[in-house]
Amino acid sequence: MSERDAETALKRLGLSTYEARVFMTLVHLGSGTAREVAAEADVPRSQVYATADDLEERGVISGPRPTPPVFHPVSVSEAEARPPRRFVRS
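All chains use their own residue numbering, which begins from 1 and follows the written sequence. Note on the predicted model: pLDDT of at least 70 is required for a residue's local features to be given, and 80 or more for side-chain atom pairs to be given and counted; whole-chain, interface and lining totals, by contrast, use all residues. Remark: hydrogens and water are excluded; side-chain values derive from all non-hydrogen atoms of the structure.

Draft legend 1. The packing of helix α3 (residues 34–41) against helix α4 (residues 45–58), seen in detail. Angles shown run from 0 to 180 degrees and are taken between the N-to-C directions of axes, each axis being a line fitted to C-alpha atoms and, for helices, limited to the stretch in contact. Where helices and strands are cited, they refer to DSSP runs of H or I of at least four residues and of E of at least two residues respectively, numbered from the N terminus. Running from amino to carboxyl end, α3 crosses α4 at an angle of 105°, the nearest separation of the two axes being 9 Å. Classified by the angle between their axes, α3 and α4 sit roughly perpendicular to one another. Of the residues in α4, those in contact with A34, R35, V37 and A38 of α3 are R45, V48 and Y49. As a working rule, the residues Ala, Val, Leu, Ile, Met, Phe, Trp, Tyr, Cys and Pro are called nonpolar, Asp, Glu, Lys and Arg charged, and the rest polar, with Gly in that last group. Split into classes, the residues belonging to the contact of α3 with α4 amount to 5 nonpolar, no polar and 2 charged. Put simply, angles under 35 degrees are roughly parallel, angles over 145 are roughly antiparallel, angles from 65 to 115 are roughly perpendicular, and the rest are oblique. Contact definition: two residues touch when any of their heavy atoms are within 4.5 Å.

Set out below in structure tokens:
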């Protein structure tokens, strides 16, 4: 599956473009700081923090928040097991 296809699939699940890009980048990197994620995901660093908070709320990334924060995705299988409503904003 291409990155574009993966982004489209994640957006169909209810993620925003930035959320999809940040999640895919974290899956690719394994974990990363906002600076690392922003550079790889083509998302402004200032938006990575809010996007990561949203993804953490949805349960698809986790991890302690050291300074600087390092974000970690849950496994793809764990994300797939989440009920679709977890991806839809209230």
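From this point, the narrative continues.
Draft legend 2. Expanded view of the sheet that holds strand β2 (residues 61–62). At least two bridges found by DSSP between two strands are what make those strands a pair. Pairing is antiparallel across the open sheet formed by 3 strands, whose spatial order is β1-β3-β2. This sheet does not close on itself; its edge strands, each paired only once, are β1 (32–33) and β2. Pairing geometry for β1 and strand β3 (residues 70–73), over 2 bridges, is antiparallel. The residue of β3 that forms the bridge with G32 is F71.

Draft legend 3. Representation of the pairing of β3 within the structure. The buried label goes to any residue with under 20% of its type's maximum accessible area, the exposed label to any with over 50%, and the partly exposed label to all in between, with areas taken from a 1.4 Å probe on protein chains only. Burial of the side chains of β3 is restricted to one face: F71 and P73 are buried, whereas none of V70 and H72 on the reverse face is. Note that β2 and β3 share 2 bridges and pair antiparallel. Bridge pairing in β3 links I61 to P73.

Draft legend 4. Examining unusual backbone geometry more closely. For D42, which is not glycine, the phi torsion reads 60° and is therefore positive. Structurally, the position occupied by D42 is in the loop between α3 and α4.

Draft legend 5. Summary view of the environment of S75. Mapped onto the secondary structure, S75 falls in the loop between β3 and α5 (76–81). Separated by 48 residues in sequence, S75 and V27 have C-alpha atoms that sit 7.8 Å apart. For this analysis, a polar contact is any N or O atom pair within 3.5 Å, provided that within protein one partner can donate a hydrogen and the other can accept it, and provided that sequence-adjacent residues contribute only side-chain to side-chain pairs. Within the structure, the side chain of S75 is placed 3.2 Å from the side chain of S77, a separation counted as a polar contact.

Any functional reading would require information that these geometric values do not contain.
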